Amino acid sequence: MTSLQSVLQDSFARRRTVAIIVALLLTALVPLADTVLPAGWSTALLAAGVLLLMVTLLMLARPGASAGIGAAESDGGNRRGAGLLLYLSPVILLNLVYPLVSPAMAAVNVGGVQLTLVVLASSITVPWLAQAACLPAYRAIGDLMAERDMAAITRRFCTTWPAMFVQSLPLVVVFAVPLWLATRWSFPALATYAALCALHLLFVQSLILTNVGERRGLWALAWAAYAVALFAAPTLWWLPPVLGTLTQVATMGRGLAAVRLARRLDARHFSADLLRGLLLGAVLWADKFVLFLVTDGDFQVVIVFLAMLPAVVAYNYYFVNLAPRVDRAVTDLHRTIAEEPLTRLATMSRELSRTVDRAILSTGAVGMVLTLVIVLLLQGLQPVNVLLAVSVGVASWAFMILTLLSYELDYIGEKVLPQILGGIHLALCAAAFLLVGAVQGSTGAVLAYGALVVADLVLVAVAWVLYKRHWTQPEYTLFWRHATSW
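Since the model is a prediction, treat every value here as computed from it, not as a measurement.

Visitor: Please explain unusual backbone geometry as it appears in this structure.
Guide: Apart from glycine, the bulk of residues carry a negative phi angle, and the bulk of peptide bonds sit in the trans form. A positive phi is found at Arg184, a non-glycine position, where the angle reads about 55°. Examined against the element boundaries, Arg184 turns out to sit in the loop between α10 (170-183) and α11 (187-206). Take Arg184: its relative accessible area is 53%, and that puts it in the exposed class.

Visitor: Explanation requested: the packing of helix α15 (residues 267-295) against helix α19 (residues 416-435) in the structure shown.
Guide: Packed helices, taken two at a time, are described by the angle between their axes plus the distance between the axes. As a packed pair, α15 and α19 sit with axes 8 Å apart at the nearest point and diverge in direction by 10°. With respect to α19, the element α15 is oriented roughly parallel. Taking contact as the criterion, the partners of Leu275, Arg276, Leu279, Leu280, Ala282, Val283, Ala286, Asp287, Val290, Leu291 and Val294 in α15 are, on α19, Pro418, Gln419, Gly422, Gly423, His425, Leu426, Cys429, Ala430, Phe433 and Leu434. Partitioning the contact of α15 with α19 into residue classes produces 15 nonpolar, 4 polar and 2 charged.

Visitor: Which parts of the structure should I look at to understand the packing of aromatic side chains?
Guide: Aromatic ring pairs are described here by two measures, namely the spacing of the ring centres and the angle between the planes. Applying the stated criterion to the full structure yields 18 aromatic pairs. Plain terms: the ring middles of Trp185 and Phe292 are 6.2 Å apart, the flat faces sit at 90° to each other, and that makes the pair edge-to-face. A residue pair is termed long-range when its members are at least 10 positions apart, and Trp185 in the loop between α10 and α11 and Phe292 in helix α15 qualify at 107 residues. Grouping residues by exposure puts Trp185 and Phe292 together as buried. Plain terms: the ring middles of Trp464 and Tyr467 are 5.1 Å apart, the flat faces sit at 50° to each other, and that makes the pair tilted. With Trp464 and Tyr467 both in helix α20 (residues 442-471) and 3 residues apart, this pair spans about one turn of that helix. Cluster of aromatic residues (ring-pair linked, three or more members): Tyr87, Phe203, Trp219, Trp223 and Tyr226. In this structure, Arg184 packs its charged tip against the face of Trp180, placed 4.3 Å from the ring centre.

Visitor: I keep staring at the environment of Val304 and nothing clicks. Help me out?
Guide: Within the fold, Val304 resides in helix α16 (residues 301-339). By relative accessible area, which is 1% here, Val304 ends up buried. Ignoring anything within four residues of it in the chain, the contact list for Val304 reads Leu291, Phe299, Val392 and Tyr449.

Visitor: Can you help me understand a nonpolar patch on the surface in this one?
Guide: Judged by side-chain polarity, Val18, Val22, Leu26, Leu29 and Leu32 come together as a nonpolar surface patch covering roughly 420 Å² of accessible area. Inspection of the secondary structure puts Val22 in helix α2 (residues 11-29). Classification of Val22 by relative accessible area gives partly exposed; the value is 43%.

Visitor: For this particular structure, what's the right way to read the side chain of Arg325?
Guide: The residue Arg325 is located in helix α16 in this model. Taking the relative accessible area as the measure of exposure, Arg325 reaches 12% and is therefore buried. A distance of 3.4 Å separates a polar side-chain atom of Arg325 from the backbone oxygen of Asn321.

So, how was this worked out
- The residue count restarts for each chain, going from 1 along the sequence in the order it is written.
- Two thresholds apply to this predicted model, a pLDDT of at least 70 for residue-level local features and 80 or more for giving and counting side-chain atom pairs, whereas whole-chain, interface and lining totals are computed over all residues.
- Each side-chain value is derived from all of the structure's non-hydrogen atoms; neither hydrogens nor water enter the calculation.
- Under the DSSP-based scheme used, a helix requires at least four consecutive residues in state H or I and a strand at least two consecutive residues in state E, with every element numbered from the N terminus.
- The cut-offs for exposure are 20% and 50% of the maximum accessible area for each residue type, with area from a 1.4 Å probe on protein chains only; residues under the lower value are buried, those over the upper are exposed, and the others partly exposed.
- All axes here are fitted lines through C-alpha atoms, helices being fitted over the stretch that makes contact, and every angle between N-to-C directions spans 0 to 180 degrees.
- Angle categories: roughly parallel below 35 degrees, roughly antiparallel above 145, roughly perpendicular from 65 to 115, and oblique for all the rest.
- Any two residues whose heavy atoms approach within 4.5 Å at even a single point are treated as in contact.
- Residues are sorted three ways: Asp, Glu, Lys and Arg are charged, Ala, Val, Leu, Ile, Met, Phe, Trp, Tyr, Cys and Pro are nonpolar, and all the rest, Gly among them, are polar.
- Ring pairs are drawn from Phe, Tyr and Trp, using the six-membered ring of Trp, whenever the two centres fall within 6.5 Å, and their geometry is named by plane angle: stacked under 30 degrees, edge-to-face over 60, tilted for the rest.
- Charge-over-ring placement is defined geometrically: NZ (Lys) or CZ (Arg) within 6 Å of the ring centre, and within 35 degrees of the ring normal.
- Excluding any residue in a salt bridge, patches collect residues exceeding 30% relative accessible area, merging like charges within 9 Å and nonpolar Val, Leu, Ile, Met, Phe, Trp and Tyr side chains within 5 Å.
- Per-residue accessibility takes into account occlusion by the displayed protein chains alone, with areas from the Shrake-Rupley method and a 1.4 Å probe.
- By definition here, a salt bridge exists when the distance from a side-chain nitrogen of Lys or Arg to a carboxyl oxygen of Asp or Glu is within 4 Å.
- N or O atoms within 3.5 Å of each other form a polar contact, as long as, within protein, one can give a hydrogen and the other can take it, and as long as residues adjacent in sequence are counted only when both atoms are side-chain atoms.

Nothing here speaks to function; it is all geometry.
Spelled out as structure tokens, the structure:
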């Protein structure tokens, strides 16, 4: 309670907290509109959703205003707004292309399974798989990140990439086995799924350098190539990730000379990173995979993906527009410790704590307002599915906030706590879907996500208390604790 009171003393944080609470309450009340409001109000709700969407998009396009920065950073804010749009290119492009190519995919069977289902299973698996498979790369180049020497980073990455890819492939089996046990797909269908996951694993690893270098245009180019291949030849399932990977390999230049096929990464550290990535990634992505398993892919795909879209947008908004400010604040604190008197340290420490609080609360406000937008739009267009949208949307928002708090704990050096939170979430997720798996149709999904809303809001509260405990005095947690342990 004390940590929450200290946060609310900041008027910016207080406004964002109020926005989250109000948007959450309104989102929960939208399904009652048909029973409370007179007939014909669906059009008004649709118009309200469109208006709110336009306002929110304006805030995202001008991140300086929404994050409370000064005029001196306005140009950088505008660039980050454009960068966010480029960073969201996979969300934008794939949501446009997949509905167009789904009929062509559905007409093709792979071992008795529709290609659409195989691609859907892969699409649900890859974000979680990528979270684990990319983490070892950041360990490999971590000591070079501060200098941002992209030539050196590229050489180091190319040296470790073949081994990293090969040693990550067993992860595909980790996902393929429960998929086979749940669906009993034929070997050709399961092999196609595994090959798709492996090719996407190669693709997402190839994007690491682009992400580290913040080359948003190159990031968008990769996903544009992916989308073009998908649109031009939807039944050539291997082509999009291969073409996307080639756009990245072509930019590595002389770094490719450093490729070492025979190199092997330290098994203990590599395995620890994979496990850490799996548990951290489980919070945001496990529910979709488990939902696919218990329904054999027969669920309201469009509604579920639309409802989780606000959390994905907010998640990307954090990393493009807000995380760099946290990094700069940590760098400033480090410089203060090294160069300035201790009387200055307390001020810089409070500023860093406030910066991180603002980043998390701003992300939460964006995510919850966008969730309200989606729910209002669906209430106007498809009121029969609005309850499912509310449960999935609010649950996805809680997953996203829990993920960010876990990242902040991991960032400050608490490696075990985020994994415990991720493991608890994964267990709760599996229990929720298995317990209601016998309920047919969208009712089972509503009940499962409703249970996860309650469970994960409790986890968010626990994670917030842990986060504040470690970030209230970041100068100690980040620096002095390590210095006194030497």
